[in-house]
Amino acid sequence: MADPLIELHARTQGDRPTLEALRAALEDSAVRIHLAGEPGAGAGAPGPCDLRVLIARPGAVAPAAPAGCRVAVLDQLSVPADPASIPDLTSADLILVPGARHARELGRLVEARIEACGLPRLEAARLDPAGTRDRARRMIGIPLGARVVACEPAAAPGADPVVLEILQLAARGPLVLLLPGTAPATWLDAQRGLAARTPGLALVEHVDPHVAVAAADVVYAADPGLRAEAALLGRAQIPLDCAPTAEAIGEALAGGPPAPPADLADWLATSSGAAAAMAATILQALPAASDGAARPAATGSGSSPPATSTARADRAEGDPAPADPASPATLEDIDALIAFGDHGAAREALRRRIGEGPAPELRRRLAALERREGRLEAAASEIAAAETEARCELSAVLAERARIAVETGRLEDAPALFEQAHRTDPGRAEPLVGLGSLALTRGDGAAAEQHFRRALECEKSPRTLTGMGLSMHVLGRPREAVDCFEQALDIEVDYLSAVAGLVQSAYASGELAAAERRVAAYVELHMADLDMGFTLAGLRCELGDASGALQILDGIALFDASYPGLAELRDKLTGAV
């Protein structure tokens, strides 16, 4: 008999450390482990397994977890006031939380078995706070030795008084201010305007809140979970219940790490060997999850046993749980329904699965079912759709084979594969883009233009317009190239290939103002891209905007004072001012 299969899911990249630690802790057990999202995991409905485990936190903007996650790991140091903010908490059989106090709080909100465990992500961070800070700063792309403040506000518009005090510190030396992606848009707009008028300040937006806390020297956070996490990592904090001055914040930047508050004692007491403790608890849940039994009673969590719902009480012990009518059936289930003559249920299951995305094999089954029942018009419609989807899928497969040929140095094989992909699905732009890119590699601008022009007939997108722009440039028509690149950037303002191509063609055609405008828009969204920042400074220098160029160089110096060419361009500009 095969070992049980445990499937692990993480909603965001920030939750991957906990997921990886769990996998490592489970590897010595007699179970098979699968990490969702790994190469070869496939798409669509999840496959059969004995237990699904979800690493979850409130407010994470990420795809929903697959159906049937029986264990949820609350990967944060606070309990959501509304469990519906993590839908999986309301349907899980077992929830693992960091500490007995959290277990008691959550036990009053949801019906589930709740166990107190440490969090592997924070346990590792607590054991190496300095290393955690350096890794977080590398992830964001900020200097390891910078002064860094993370600011996660309450949902209030306008200029934040604390941010005003923080900005004053930039006058005393370079400062990096991190604003998390969870901050309200109106609040971000207000702070962005203030920061733009503050020399010596580097503003980095849309940072994962947990990464921002790890990277910061000082944290100002309205979210209680982030405050608890900052305390756990020994980060100085700006109090919420007073109006701190710039001097007080400066002292916090210069001071040592504070001691963790008392309310983290229960978490700290359970944190030793967090991954191993979680793995052991999950393994205990495995038999109950795999044989379909009802939820076990809560034990050792400090929470009272949850009330049993009417639906569960009506089932006899050991009876399988009723199937979720919204969950997709497997192909084996559908074939069984057809074999037993339940064509209506089979048709409904097929349509539900088809609604999730291209599925030529499912459409073929549905067409066969419709044909058997004499619904020939419906059968013809489904089989035509199946053929279209199959052609599209085969074309994508052939195009991918062509790209692999290019990456492995077999350039002579790639054109035939792209041509075959195009013949399989003439309405698909991807193979034509591949052929155009190969022509550009050979320096054949005429052939590239032909391929990209046909690709544009299939799809007007940043990639096809950029390809046409590159073709125009190779053909010695830079002004037409600039027009193509600008059309691409009208669709996607930070399409990097178009920005880079536009700069090249702008220098060749003299359209530097257009390039400056587009590069400035890109840099505003990607402040950590020092190469594009330096490009923007060079454009402003060429356009006679010395002060604007120097402002950009000051920002680059804050991140990397030894950036190649920085000193030379600064000397050129200061001589011109």
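The structure under discussion appears in the preceding block.
So, how was this worked out
- Residues numbered from 1 in each chain as written.
- Predicted model: local features only at pLDDT ≥ 70, side-chain atom pairs only at ≥ 80, totals over all residues.
- Heavy atoms only, no water.
- Helix = DSSP H or I, 4+ residues; strand = E, 2+ residues; numbered from the N terminus.
- Buried < 20%, exposed > 50% of the residue type's maximum accessible area, 1.4 Å probe, protein only.
- Contact = heavy atoms within 4.5 Å.
- Areas by Shrake-Rupley, 256 points an atom, 1.4 Å probe, with all protein chains shown as cover.
- Pairing = 2+ DSSP bridges.
- Axes fitted to C-alpha atoms, helices over the stretch in contact; angles between N-to-C directions.

S.K.: Explain the overall build of the protein chain to me, please; I cannot follow it from the model alone.
M.R.: Broken down by element type, the protein chain carries 26 helices and eleven strands. Put simply, the protein chain has 577 residues, and 45% of those count as buried. Partitioning the contacts of the protein chain with sequence separation of at least 6, the portion at a separation of at least 24 is 61%. Approximately 27,200 Å² of the protein chain is accessible, and the part contributed by carbon and sulfur atoms is 55%.

S.K.: Can you walk me through the sheet that holds strand β3 (residues 51-56) in this structure?
M.R.: Within a sheet, neighbouring strands are paired by backbone hydrogen bonds and run either parallel or antiparallel to one another. Read across the open sheet, the six strands follow the order β2-β1-β3-β4-β5-β6; overall the sheet is parallel. Only two strands of the sheet have a single neighbouring strand rather than two, namely β2 (32-35) and β6 (113-116). Sheet twist, expressed as the average angle between the axes of neighbouring strands with direction ignored, equals 20°. The pairing of strand β4 (residues 71-74) with strand β5 (residues 94-97) spans three bridges and is classified as parallel. Paired with Val71 across the strands is Leu94, a residue of β5.

S.K.: What exactly am I supposed to notice about the sheet that holds strand β11 (residues 236-237) here?
M.R.: Spatial strand order, β9-β8-β7-β10-β11: five strands in an open sheet with parallel pairing. Of all strands in the sheet, those with a lone pairing partner are β9 (201-207) and β11, marking the two edges. Here strand β10 (residues 218-221) pairs with β11 via two bridges, running parallel. Paired with Val218 across the bridge in β11 is Ala236.

S.K.: Even after reading the chapter, I still don't get the pairing of β4, so can you show me in this structure?
M.R.: If a strand is regular, its side chains alternate between the two faces of the sheet. Here β4 shows no split at all, with Val71 and Val73 on one side and Ala72 and Leu74 on the other all buried. Direction of pairing for β3 relative to β4: parallel, over a ladder of four bridges. Paired with Ile55 across the strands is Val73, a residue of β4.

S.K.: Explain the environment of Ala402 here, please?
M.R.: Tracing the chain through its elements places Ala402 in helix α16 (residues 376-407). The sequence separation of Ala402 and Leu417 amounts to 15 residues, and the corresponding C-alpha distance is 5.3 Å. Other than its neighbours up to four places away in sequence, Ala402 contacts Ala414, Leu417 and Phe418.

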